[in-house]
Amino acid sequence: MKLKITFLVLFLGTAMVLKATDVRGKPNIIIILADDLGYHDVGYMGGKDFLTPNIDAIANNGVWFTNGYTTCPVCAPTRAGLLTGRYQNRFGFEDNPGPYRQSKEIIPGIPLREKTMGEYFKEMGYSTAIIGKWHTENVESQNPVHRGFDKFFGFIGGASGYFIGENRKGKILRGTRPVLSEDDYLTDAFGREATLFIERNSNRNNPFLLYVPFNAPHGPFQAPEKYISMFSHIKDKKRRVLAAMIYSLDENVGLITSKIKELGLEENTLIIFISDNGGVLNLSDNSPLRSGKQDIYEGGIRVPFCMQWKEHLPENKKIDFPVISLDILPTAIAATGNQVDREWRLDGVNLLPYLTGAKEGIPHEVLYWRFLWHYAIRKGDWKLLKHRDHTDVELYNLAVDVGEQHDLCKEHPEIVEELQQLFNDWSDMMLKPQWGWQPEYCGDYKVGK
Amino acid sequence: MIDLKLILFAMAFGEMALTGFSANENGNKSKKELPNIVIIYADDMGYGDVGYHGVDDILTPNIDKLAKSGVYFTQGYVSASICSPSRCGLLTGVYQQRFTNGQNARDKDPLVELFKKQPMISEILKPLGYSSGIIGKWHLGEEESLRPNNRGWDYFYGFLNGSHSYFKATKKFTKNKDFWPIFRNNEMVDFEGYATEVFTNEAINFILRNNSSISGRPFLLYVAYNAVHFPWEVPDKYIRRVSFIKNQNRRLFAGMVLAMDDGVGRILETLNKEGLEENTIVIFISDNGSPRGQLGDMSSTGPLRGWKGDCFEGGIRVPFIIKWPGQIQPGIRYDNPVINLDILPTLAEFIGLKKIDRYHFDGVNILPYLKGEKQPDETPHENLFWRRGKDMAIRHGDWKLVVEYSGDNHNPMLFNLTNDIGERKNLITVYPEKAKELQTIYELWENSLPEIR
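In this text, all values refer to a predicted model and were calculated from it rather than measured experimentally.

Parameters at a glance
Residues numbered from 1 in each chain as written. Chains lettered and ligands numbered in written order. Predicted model: local features only at pLDDT ≥ 70, side-chain atom pairs only at ≥ 80, totals over all residues. Core = buried A, V, L, I, M, F, W, Y, C linked by C-beta atoms within 7 Å. Buried ≥ 20, exposed ≤ 12 C-beta atoms within 10 Å, placed from the backbone. Domains from an automatic or database assignment. Contact = placed C-beta atoms within 7 Å. Nonpolar A, V, L, I, M, F, W, Y, C, P; charged D, E, K, R; others polar. pLDDT = per-residue confidence, 0-100. Helix = DSSP H or I, 4+ residues; strand = E, 2+ residues; numbered from the N terminus. Pairing = 2+ DSSP bridges. Axes fitted to C-alpha atoms, helices over the stretch in contact; angles between N-to-C directions. Expected span 1.5 Å × (residues − 1). Parallel < 35°, antiparallel > 145°, perpendicular 65-115°, else oblique.

Engineer: So, the nonpolar core: which residues are in play, and what are the values?
Structural biologist: Among the nonpolar cores identified, the biggest contains 129 residues, and Ile-40, Val-223 and Ile-283 of chain B are the most heavily contacted of them. Here this core gathers at least three residues from each of two domains, domain 1 (34-370) and domain 2 (383-447) of chain B. Counting 121 residues, the second largest nonpolar core, distinct from the first, contains Ile-32, Phe-153, Phe-208 and Leu-283 of chain A.

Engineer: Outline the domain arrangement of chain B, listing residues and values.
Structural biologist: Residues and elements named next belong to chain B. Segmentation of chain B into domains returns domain 1 (34-370) and domain 2 (383-447). Centre-to-centre separation of domain 1 and domain 2, based on C-alpha positions: 28 Å. Residue-level contacts link 18 residues of domain 1 with 15 residues of domain 2. Along the lines of polarity and charge, the residues of the side of domain 1 that touches domain 2 split into 11 nonpolar, 4 polar and 3 charged.

Engineer: Residue-level account of the confidence of the model for chain A, with values.
Structural biologist: Detailed conclusions should not be drawn from predicted coordinates in areas where pLDDT is low. Looking at chain A as a whole, the pLDDT averages 93, with 95% of positions reaching at least 70. Segment residues 1-17 of chain A is flagged for pLDDT under 50; beyond a separation of four residues in sequence, or across chains, it makes 12 contacts in the model.

Engineer: Report on the pairing of strand 12 (residues 269-275) of chain A, specifying residues and quantitative values.
Structural biologist: Residues and elements named next belong to chain A. Most of strand 12 sits inside the fold, with 7 of its 7 residues counted as buried. Of the two faces of strand 12, the one carrying Thr-269, Ile-271, Phe-273 and Ser-275 and the one carrying Leu-270, Ile-272 and Ile-274 are both buried. Of the pairings in the sheet, the one linking strand 1 (residues 28-34) to strand 12 comprises 7 bridges and is parallel in character. Among the inter-strand pairings, Ala-34 is bridged to a residue of strand 12, identified as Ser-275. Taken together, the 4 bridges between strand 12 and strand 13 (residues 305-308) define a ladder with antiparallel strand orientation. Bridge pairing in strand 13 links Ile-271 to Gln-308.

Engineer: An account of the sheet that holds strand 21 (residues 445-446) of chain A is needed here, citing residue identities and associated values.
Structural biologist: All names here are of chain A. Strand order in the open sheet made by the 3 strands is 20-4-21, with antiparallel pairing throughout. Here the strands that pair on one side only, and so sit at the sheet edges, are strand 20 (435-436) and strand 21. Pairing of strand 4 (residues 100-101) with strand 21 involves 2 bridges; the strand directions are antiparallel. Among the inter-strand pairings, Tyr-100 is bridged to a residue of strand 21, identified as Lys-446.

Engineer: If you had to explain the sheet that holds strand 1 (residues 36-42) of chain B to someone new, which residues and values would you point to?
Structural biologist: Residues and elements named next belong to chain B. The sheet built from 10 strands is open, its strands ordered 7-6-5-4-8-1-9-10-2-11 with mixed pairing. If you trace the sheet from one side to the other, it starts and ends with strand 7 (187-189) and strand 11 (332-334), each paired once. Shown here is a sheet whose adjacent strand axes are inclined to one another by a mean of 15 degrees, direction ignored. Examined bridge by bridge, strand 5 (residues 155-159) and strand 6 (residues 182-184) share 2 bridges and lie antiparallel to one another. When the bridges of strand 6 are listed, Tyr-157 appears paired with Arg-184.

Engineer: Mind laying out the confidence of the model for chain B, listing which residues take part and the relevant values?
Structural biologist: Residue and element names in this part refer to chain B. On average, residues of chain B score 93 in pLDDT, and 92% of them are at 70 or above. A low-confidence stretch, residues 12-26 stays under pLDDT 50, and its non-local contacts, those more than four residues away or across chains, total 17 contacts. As a predicted assembly, this complex carries a pTM of 0.92 together with an ipTM value of 0.91.

Engineer: Tell me what's going on with the domain arrangement of chain A, and back it up with residues and numbers.
Structural biologist: The accessible area lost on association of the parts is a frequent measure of interface size. Residue and element names in this part refer to chain A. Domain boundaries assigned for chain A yield domain 1 (25-365) and domain 2 (373-431). Measuring from the centre of the C-alpha atoms in domain 1 to the corresponding centre in domain 2 gives 28 Å. Listed as interface residues are 12 residues of domain 1 and, on the opposing side, 13 residues of domain 2. Here the side of domain 1 that touches domain 2 is built from residues that sort into 6 nonpolar, 2 polar and 4 charged.

Engineer: Report on the environment of Tyr-41 of chain B, specifying residues and quantitative values.
Structural biologist: Residues and elements named next belong to chain B. If you trace the backbone, Tyr-41 turns up in strand 1. The class for Tyr-41 is buried, based on 24 C-beta atoms found within 10 Å. Sequence separation between Tyr-41 and Leu-347 is 306 residues; the distance between their C-alpha atoms is 16 Å. In contact with Tyr-41, other than residues within four places in its own chain, are Arg-87, Leu-90, Tyr-222, Ala-224, Ile-285 and Asp-287.

Engineer: Run through helix 7 (residues 237-262) of chain A, naming residues and quoting values.
Structural biologist: An ideal rise of 1.5 Å per residue puts 38 Å on 26 residues; helix 7 of chain A measures up with 37 Å between its terminal C-alpha atoms. With its phi angle positive at about 70 degrees, Gly-264 of chain A sits one or two positions after the end of helix 7 of chain A.

Engineer: So, helix 6 (residues 195-209) of chain B: which residues are in play, and what are the values?
Structural biologist: Residues and elements named next belong to chain B. Taking 1.5 Å per residue as the helical rise, helix 6 with its 15 residues ought to reach 21 Å, and the 21 Å between its terminal C-alpha atoms agrees with that figure. Residues of helix 6 that are buried include every one of Ala-195, Thr-196, Val-198, Phe-199, Thr-200, Glu-202, Ala-203, Ile-204, Phe-206 and Ile-207, and no others. Residues of helix 6 that are buried in the fold lie against strand 4 (131-137), strand 5, strand 8 (219-224) and helix 9 (248-273).

Engineer: Tell me about the packing of helix 2 (residues 53-61) of chain A against helix 7 of chain A, residues and numbers included.
Structural biologist: Two measures define how a pair of helices packs: the angle their axes make with one another and the distance between the axes. Residue and element names in this part refer to chain A. Remark: helix 2 packs on helix 7, axes separated minimally by 7 Å, with the N-to-C direction vectors making an angle of 50 degrees. With respect to their mutual orientation, helix 2 and helix 7 come out oblique. Every residue of helix 7 that contacts helix 2 at Pro-53, Asn-54, Ile-55, Ala-57 and Ile-58 is listed here: Asp-250, Glu-251, Val-253, Gly-254 and Thr-257.

Engineer: Could you give me a rundown of the environment of Phe-115 of chain B, with the residues and numbers involved?
Structural biologist: Residues and elements named next belong to chain B. Locating Phe-115 in the fold gives a position in helix 4 (residues 112-117). C-beta crowding within 10 Å serves as the criterion here: with 21 such atoms nearby, Phe-115 is assigned to the buried category. For Phe-115 and Val-234, which are 119 residues apart along the polypeptide, the C-alpha to C-alpha distance reads 35 Å.

Engineer: Before we move on, could you go through the pairing of strand 10 (residues 320-323) of chain B and cite the residues and values that matter?
Structural biologist: Residue and element names in this part refer to chain B. A two-sided burial pattern is seen for strand 10, the buried positions comprising Phe-320 and Ile-322 on one face and Ile-321 and Lys-323 on the other. Pairing between strand 2 (residues 71-73) and strand 10: 2 bridges, direction antiparallel. Pairing of Val-71 across the sheet is with Ile-322, part of strand 10. Where strand 9 (residues 280-286) lies against strand 10, 4 bridges are found, and the strand directions are antiparallel. Bridge pairing in strand 10 links Val-282 to Lys-323.

Laid out in structure tokens, this is it:
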């Protein structure tokens, strides 16, 4: 026994282990995820139609990314990448949960062999919560409370109405149990629960990780009348409702940030804001980018992305080098003072030293995307992509053509070849989609009903 | 006029031709009595990763049962602390430093021509009529002449390189070798499923196809699972079965171990169902100790010091079991040092292979020791040697001299393993004469090795 203890002490001393011991004074982490919010839907990116003063404030108080990406132009895969810090294709989470599977045994969700953000932070001694849309298969084993989150309030599936009332279908859960009713407009309910969690966990002995994936402004398009009437100058009805939904989203972001300010936690809280993918085409505004949600052009994958950490990150700093949603996990871990271990094989990178200028260069040489029938690779300013509806690949120089209008394949065959090879090497390592909506890609075992 | 002599000659010759039997090779046993051999070689499994070593955060019911059904060794060694050289030693019975550079890449080894000439168990047993199969990880050369089918193996299903994804294989030599092809003999196959399960199925099918009571020929089956080597991945169902384990990394690892343990169980069950249990020797050894990865909350070396790659005990002392119905009583624990090099010579002697001396085995026949036919103070090995690069170790009785470059101290260290299994107390200044003695013995061995390291 003595030998064992000596051995334990010896190797703990030399280890880069996540330290669960001394968490006092460590920073809180808040990650706010908007759903289908377009590149130009926010004020600080130049959008004029919608009102987002609170989201704008995060950008003004911190850094904001002009080339901020997510790993997928649709919801659930992006979340899987964000929560694991790894390209979700590595574990077959390429499509949203759907009826088709590779085999009967498959359950859509982040596999147990992959560690989630909640699990990393629990190991470090943090309190953890997720408020909002989780988006995996609706089975208890996939509930967030089994994946590293102490508290969960929200829904498991991909979408929800915003006026719940009596929770007859049991959609809104607190932990694993449905709530009896929810009378607040859902975006307000999430804002309410988030600020309650902050209040209850705001003492410095127990830092918290709070992940708030709002479902706003994802469909169905519903908002309180009082907000819709604020945007009566918008002619398009659907867009008017969208404006109202975004207004409510922003208001609740404001509740969260002002609660942090009120409790004197601004210097000790890293707040990250990002959208899960681009805005819906012909509804949101993704300009100057091409196309939107579901598509592999910039409009589908480049999103509003900003973060603030008073006294630790610069203020009102525009960052142009490419970053991606995978970076959020390692950045958050690094913010706690812990090192990111190479053994975890994260694809994301700790952004902090690049943002403060402590480190020269850029976090990513190359970024990759694969979504069923679409794929893309970005290296420097060059982007090669393959679109479902086009036979040939396309090559764009994003520095001079951010709108992806001028295909340069013929002019630069050597770049096409290089990027194609890089993409193939990456794609070779990815599993085929394990579930989804496309039997040709996801397997043709179909779940009943 | 019928020439009786000619007929008799033809009958004798015909009989020999039919049975494929070389009278020169085997004097004692007819093919029906030759035992089947199953060698299961686990990958990177540590001394602290099996339940029967007193470990409570792992689940290995079938391996534990195997240990109780034969002999398990508390000082079972491998001849190398890393994958490929360890397999070189196992399959030849000779210190691999005699014909390799002791590192992992056979193709890049300056001594590869020596390796090609070194007889392998598949080649040695072939004249006796053994069908041979290797399932899983080869890691003994990728270039064609080094592949299993060109090294005497009748059947190969698995991958050529050292590490592999458990969920995916391609049909090309991808940049990331974890996605290299899975072969069936010389053909790349479509791969589906989870590798540990697939390899188990292949092993079972090999046994069914080569059932010695039907074919009249014994088989040699080498199941080189890539479990529990990196990458660390396993389907959810196995992790759920070890949900009692608190540490998430250890739980994942235990899930991988469980998949292999299930496989061991199914192989043993197949032998039983096919009526082969009484005539099959089953050997279970890990190729080397726990890797340094994940800081020990994945694989565990138990009380031992050091890791895979080290000449410390943690890199070279491993789970080691032999089940041998009719020869070794069940429930035996053997405490004297043995090594993977002993496997082939032990089998060869039992089978009655003639002129064993020509193979110059470094391993010894350990069966008499396991049958209790030796005096208590007699041990199979007076000395055991390890060398990789600048690291070395020699075990002489209870004493061990080690040079280990992974740590801070690059000078030789002396340990007494009876009192200090954890290699904590360096006695080199206390017993300098003992250290010198070991050094001398080691140098004698080292001088017998080829020049290139």
